[in-house]
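# Structural characterization, general
In case you want the letters, here they are:
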Amino acid sequence: PRLAWEYHFYVDIPLICLCNTIILQRVWEWASRQRGPGRGLGRGAVIAGVCLIVAAFIFFLPVLSAWPLSYEAWQARMWFTKWVIGPG
């Protein structure tokens, strides 16, 4: 299998952010047109999505910015066994 290095994904980051923003905006606008529980459910989903995105960014920030981490903290951020990152 071919390895994908981190710099291969740099060009995709703006597109991923733009797509996430468009989806969240469309869900918010859809919820604004709804009556009853659909409005609160849609807006709650958008707020939860934004909170999850911010939390994931904060969680992975030490890895992205190369801050020193303990081995346990590093392993906590390696969610998949196929990720070949860091000390092995």
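These remarks concern the structure in this document. Position numbers for residues start from 1 in each chain and track the written sequence from start to end. Where local features are concerned, this predicted model is filtered to residues with pLDDT of at least 70; where side-chain atom pairs are given and counted, the filter is 80 or more; whole-chain, interface and lining totals use all residues. Where side-chain values are given, they derive from all heavy atoms of the structure, hydrogens and water being excluded.

### As for the overall build of the chain
Broken down by element type, the chain carries three helices and zero strands. Secondary structure of the chain in N-to-C order comes out as α-α-α. Looking at the 88 residues of the chain, the share that counts as buried comes to 11%. Residues are treated as being in contact if the distance between any of their heavy atoms lies within 4.5 Å. Sequence separation of at least 24 residues holds for 6% of the intrachain contacts in the chain that already meet a minimum separation of 6. When the accessible surface of the chain is summed, it comes to about 7500 Å², and 71% of that surface belongs to carbon and sulfur atoms. The numbering of helices and of strands both runs from the N terminus, where a helix is a DSSP run of H or I of at least 4 residues and a strand a run of E of at least 2. When a residue's accessible area, from a 1.4 Å probe over protein chains only, is under 20% of the maximum for its type it is buried; when over 50% it is exposed; and in between it is partly exposed. Accessibility throughout is a Shrake-Rupley quantity obtained with a 1.4 Å probe, and a residue counts as covered only by protein chains that appear here.

### A few points about the packing of aromatic side chains
In this scheme Phe, Tyr and Trp rings, the latter by its six-membered ring, pair at centre separations within 6.5 Å, and the angle between planes marks the pair as stacked below 30 degrees, edge-to-face above 60, and tilted otherwise. For the structure on display, the rule yields three aromatic pairs. Note on Phe-59 and Phe-60: the rings are 5.1 Å apart at their centroids and 85 degrees apart in plane angle, and the pair reads as edge-to-face. Judged by its relative accessible area of 27%, Phe-59 falls in the partly exposed class. Residue Phe-60 is classed as buried on the basis of its relative accessible area, which comes to 19%. On the basis of an interplanar angle of 65 degrees and a centroid distance of 5.0 Å, the ring pair of Phe-60 and Trp-79 is categorised as edge-to-face. Linking Phe-60 in helix 2 (residues 37-64) with Trp-79 in the segment after helix 3 (71-76), this pair joins segments that are 19 residues apart in sequence. Residue classification places Trp-79 among the exposed residues on the basis of a relative accessible area of 52%. Put simply, the rings of Phe-59, Phe-60 and Trp-79 pair up and form one aromatic cluster.

Keep in mind that these numbers describe shape and distance, not what the molecule does.
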